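# Structure at a glance
Here are the chains, one letter per residue:
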Amino acid sequence: MTTMEKSYATSFETADDDDKELVALGYKPSFKREFSNLATISFAFSIMGLCSSIATTFNTPLTLGGPATVVWCWILGSVMCFTLGASIAEIVSAYPTCGGLYTASAQLTPKRHRARVGWLVGWLNILGQIAGISSTEFGLSVMIWAAVSIGKDGQFEITEGKVVGLFAALLVFHGILNSFATKYLARFTKGFVFVNLGTTFIIIIVLLATTPRDEMHPAKYVFGSDGLVNQTGGWNSGLAFLFGLLSVQWTMTDYDATAHISEEVKRAAYAAPSAIFIAVIGTGLIGWLFNIVLILCSGPLDDLPGSSGSAVLQIMTLRMGKAGALVLWVFVCATAFFVVQTALQAASRTIYAFSRDHGLPDAGYFGKNTKWTKTPLRAVWLTTIVSILPGLLDLASPIAANAIFSLTAMALDLSYIIPIFLRRVFHSHPDVLFKPGPFYMGDGLLGLLANTMCISWTLFICVIFSIPTILPVTPQNMNYASVITGGVTILAFLWYILGAHRHYHGPQSNLHEDNGSDRQIQSSEKDTDEKVYA
C-alpha cells in the first residue's frame, strides 16, 4: 500500500470485517450494507427466475427435441451448472466487490496482463447483462400480451408496437424502483423468493390435481424414447437433443449477479457465495420437477405451443381452465418482473465498478454514488436507457433485435470461465498469490474437477449456442450468437488499442481519492502478500 492508502485503511480498524476486506481490496466502502442473508438468497433465486424463465424457454427443447429432451437436458445441464456455480462462488468469496468476476479476473492475472483481461471480461459481462435485461423484459412483455390473447380467446392482435411499448414502459418503471436506497431494495427483494418458489410449487400441485390420471403421459413419453421427437427440419436426433440444453443454460445464468451487490451485503464473503450455491442447486432441482410435471400433463404435442405462443401457458389453460391459468400467470409474470428488477440492480453496480476503475470514457462520472441514496443513480439510469435500445430495434428489424438478445448467455458464460481458468493457472504467481475466502473447495481433486468440468462444459455449450436450431437456415432463423459475441470482443479490443488504454489501466484503488473527487491518482504497486490493486 502507499502511505496514503495505509492511512485511510487505518481509519477502519474498528469497522466490521466487510469494510476491512473491501479496503484490503483497495476500495473505499461507499454503500450501506442492508442486504441480510434472506435478502441475498432471495436475490440469487430471483435473478434466475425459475418458473418465468422456464415459461419463456420451454418451447425450445419441446419443439426441437421433444418432451423427453426437456426432462433430461434440464438435469444434465443443471449438474454441470452446479460445478460452474460452485466455482464462481469460490471466487466471489475471495473477492467480494461490486465488480464481481470482472474485478476478480484482473486480480487473478499477472500485472502486465491486468488491463487487457479486465477490459475483456468487463465488457463481456456488462454487455451480457444488458442484453439479458433487455431480452427478459421483452419476454415479460410478450408473456403479458400472451395472457391478454388467451383472455380474449385468441381474438386479439399482438403487434410489435404493443410489445415494444410495454417493454419500454416496464424498463422505465424498473429504473424508478432501482432508484430507491439500498435498505428499500433489500426489503423489496426479501419477498421475491417466496413468490418465485411458491408460484412454482402451486402450479405443480394444481397441474397434478386437475389432470385426469388417464390423460397423464406414460413414463416412456416423459423419460423414454417415445418422447424424443426430432423437429429441427434436418439436424440429426443427437443434435436435436442437445438443443434442449438451451433452456437450462438460459435459465441458470447471471450467477455472478449476487456478487455485484457484495458491497451492499452483510458478511458478504460468506453470504454472497452461499446464496449463489444455494440458488443454483435449488433452481436445478425444483426446475427439474417443474419440467417433469409440465410434460406429464402436457396433452397432445401437436397442440403446443398453441395460439398464445407459450407452451407453458397453453398447458396451464388446458388443465386449469382459462380463469385459473390466468390467475397463476400473473404470478409467473411477477417472477419475470423480479428477474429484471434484480438484474438491473446488478448491472448498474457493474457499470459503477467499471467506471470507478476508469473503464468508461467518462472520467469516473458513472462511478459515483448519489449522496442522498448512497446508490449509483447515474449508473442505474444509464443501464436502463441502454437496455431499452435493443428492444426499440425490434420495430425496425426483429432479426437484429434477436441477434443482440442472443449475446446474453454466451457473453456471460465466457466472462465466468476466464477468471476460473486464471485462478488455476496463476494461483501461485507472485503477482497473484490467490487467497481463498470462506467458501473454498480446496486445492485438491474436488476443486480441480469442478473447475475443469465447468470450463469444458461452458466451451462445449458455447458451440451449441452458435448452431442454428432449424434447417434450412434463413435470415429469420439464423443463430447470430457467435457472430455478435465475436464482433463485440473485436470491437472492444479495437477501442482499447485506439484510445481506451490511455484511461483504463485495470482495476485501481480509490483509497487515495479525497471525498469522492473525480481526480485519478495511480496507486503504487501493491505488496505481494496483500490484496490491493496496483
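As recorded by an unreviewed UniProt entry, the protein carries the name Amino acid permease/ SLC12A domain-containing protein and is attributed to Amanita thiersii Skay4041. Looking at the Subcellular location (unreviewed entry) heading of the UniProt record, one finds this comment for the protein: "Membrane".

A few words now on the overall build of the protein. Of regular secondary structure, the protein possesses 21 helices and 0 strands. Over its C-alpha atoms the protein spans a radius of gyration of 23 Å, differing by no more than 12% from the 24 Å that the globule rule assigns to 534 residues. Dimensions along the principal axes, computed over C-alpha positions, put the protein at roughly 75 × 45 × 45 Å. Of the contacts made within the protein by residues no fewer than 6 positions apart, 81% connect residues no fewer than 24 positions apart. Looking at the protein as shown, the accessible area adds up to about 19900 Å², and 66% of this sits on carbon and sulfur atoms. Positive and negative side-chain charges of the protein, numbering 33 and 35 respectively, have mean locations separated by a distance of 5 Å.

Here we take up the packing of aromatic side chains. Within the structure shown, the criterion is met by 26 aromatic pairs. Between Trp119 and Tyr504 the ring centres are 5.5 Å apart and the planes differ by 50°, which places this aromatic pair in the tilted class. In this pair, Trp119 sits in helix H8 (residues 114-151) while Tyr504 sits in the segment after helix H21 (481-498), placing the two residues 385 residues apart along the sequence. An identical accessibility class is assigned to Trp119 and Tyr504; each is buried.

Another point: the pattern of salt bridges. Once their charged atoms are close, side chains differing in charge can pair, the charge on each being opposite to the other. The full count for this structure, using the stated rule, is 8 salt bridges. One salt bridge in this structure joins Arg33 and Asp19, with 3.4 Å as the shortest N-O distance. Highlighted residues: Arg33 in the loop between helix H2 (17-24) and helix H3 (37-48) and Asp19 in helix H2, separated in sequence by 14 residues. Note that Asp153 is salt-bridged to Lys322, the shortest N-O span being 3.1 Å. With Asp153 in the loop between H8 and helix H9 (160-177) and Lys322 in helix H16 (residues 311-356), this residue pair connects regions lying 169 residues apart in the sequence.

A cluster of like positive charges, contributed by Lys32, Lys183, Arg187, Lys190, Lys266, Lys371 and Lys374, occupies part of the molecular surface. Mapped onto the secondary structure, Lys32 falls in the loop between H2 and H3.

Per the counting criterion, the structure on display carries 0 disulfides. Distance from the sulfur of Cys462, which forms no disulfide, to the nearest cysteine sulfur (Cys81) is 12 Å. On the basis of relative accessible area, Cys462 is assigned to the buried category, the value being 9%.

There is a patch of nonpolar side chains on the surface, built from Val172, Phe173, Ile176, Phe180, Tyr184 and Phe188 and spanning about 500 Å² of accessible area. Of all the secondary structure elements, the ones that give two or more residues to the nonpolar patch are H9 and helix H10 (182-190). Examining the composition of the nonpolar patch, we find that 3 residues originate from one element, H9, more than from any other. Its relative accessible area of 43% is what places Phe173 among the partly exposed residues.

Glancing now at the packing of helix H11 (residues 192-210) against H16. At their nearest, the axes of H11 and H16 sit 10 Å apart, and the two run at 165° to each other. In terms of their interaxial angle, H11 and H16 are classed as roughly antiparallel. Crossing handedness for the pair H11 and H16: left-handed. Taking contact as the criterion, the partners of Phe192, Val195, Asn196, Thr199, Ile202, Ile203, Val206, Leu207 and Thr210 in H11 are, on H16, Ile315, Met316, Arg319, Met320, Leu328, Phe331, Val332, Thr335, Phe338, Gln341 and Thr342. Counted by class, the contact of H11 with H16 contains 13 nonpolar, 6 polar and 1 charged residues.

Another point: the environment of Leu120. Tracing the chain through its elements places Leu120 in helix H8. Separated by 368 residues in sequence, Leu120 and Val488 have C-alpha atoms that sit 9.7 Å apart.

Looking now at the environment of Gly175. Among the secondary structure elements, Gly175 is positioned in helix H9. Placed 169 residues apart in sequence, Gly175 and Leu344 show a C-alpha to C-alpha distance of 7.7 Å. Ignoring sequence-local partners within four residues, the contact set of Gly175 consists of Leu344, Val380, Trp381 and Thr384.

In this model, H8 (38 residues) spans 55 Å end to end at C-alpha, consistent with the 56 Å of a helix rising 1.5 Å per residue. With 31 of 38 residues buried, H8 is to be regarded as a mostly interior element. Taken from the residues just after H8, Asp153 is the one with a positive phi, measuring 55°.

Here the focus is unusual backbone geometry. The residue after Leu304, namely Pro305, is reached through a cis peptide bond having omega 10°. With respect to the helices and strands, the residue Pro305 is situated in the loop between helix H15 (268-296) and H16. At the junction of Leu471 and Pro472, the peptide bond is cis and its omega measures out at -5° in the coordinates. Within the secondary structure, Pro472 sits in the loop between helix H20 (445-466) and H21. Here the phi dihedral of Arg267 falls at roughly 50°; this positive angle occurs in a residue that is not glycine. Secondary-structure assignment places Arg267 in the loop between helix H14 (245-251) and H15.

Moving on, we come to the nonpolar core. A general trend in soluble globular proteins is that nonpolar side chains are found buried together. Counting residues in each nonpolar core, the largest one holds 128 residues, and the members touching the most others are Phe58, Ile88, Tyr255 and Trp329. When residues in this core are grouped by element, the largest group, 23 residues, is from H16. When near neighbours in sequence (up to four residues on either side) are disregarded, Ile88 contacts Leu101, Tyr255, Asp256, Ile276, Tyr416 and Ile420. Counting residues in each nonpolar core, the second largest holds 16 residues, with Met80, Leu245, Ile464 and Ile467 among its members.

How each quantity is defined
- Residues numbered from 1 in each chain as written.
- Predicted model: local features only at pLDDT ≥ 70, side-chain atom pairs only at ≥ 80, totals over all residues.
- Heavy atoms only, no water.
- UniProt positions renumbered as here; feature names shortened; annotations may be inferred.
- Helix = DSSP H or I, 4+ residues; strand = E, 2+ residues; numbered from the N terminus.
- Rg over C-alpha atoms; globule rule 2.2 N^0.38 Å.
- Contact = heavy atoms within 4.5 Å.
- Areas by Shrake-Rupley, 256 points an atom, 1.4 Å probe, with all protein chains shown as cover.
- Lys, Arg positive; Asp, Glu negative; His and termini not counted.
- Charge placed at Lys NZ, Arg CZ, Asp CG, Glu CD.
- Phe/Tyr/Trp six-rings, centres within 6.5 Å; stacked < 30°, edge-to-face > 60°.
- Buried < 20%, exposed > 50% of the residue type's maximum accessible area, 1.4 Å probe, protein only.
- Salt bridge = Lys/Arg side-chain N within 4 Å of Asp/Glu carboxyl O.
- Patch = residues over 30% accessible without salt bridge, like charges linked within 9 Å, V, L, I, M, F, W, Y side chains within 5 Å.
- Disulfide = S-S within 2.5 Å.
- Axes fitted to C-alpha atoms, helices over the stretch in contact; angles between N-to-C directions.
- Parallel < 35°, antiparallel > 145°, perpendicular 65-115°, else oblique.
- Left-handed = near helix turned anticlockwise from the far one by under 90°.
- Nonpolar A, V, L, I, M, F, W, Y, C, P; charged D, E, K, R; others polar.
- Expected span 1.5 Å × (residues − 1).
- Core = buried A, V, L, I, M, F, W, Y, C linked by side-chain atoms within 4.5 Å.

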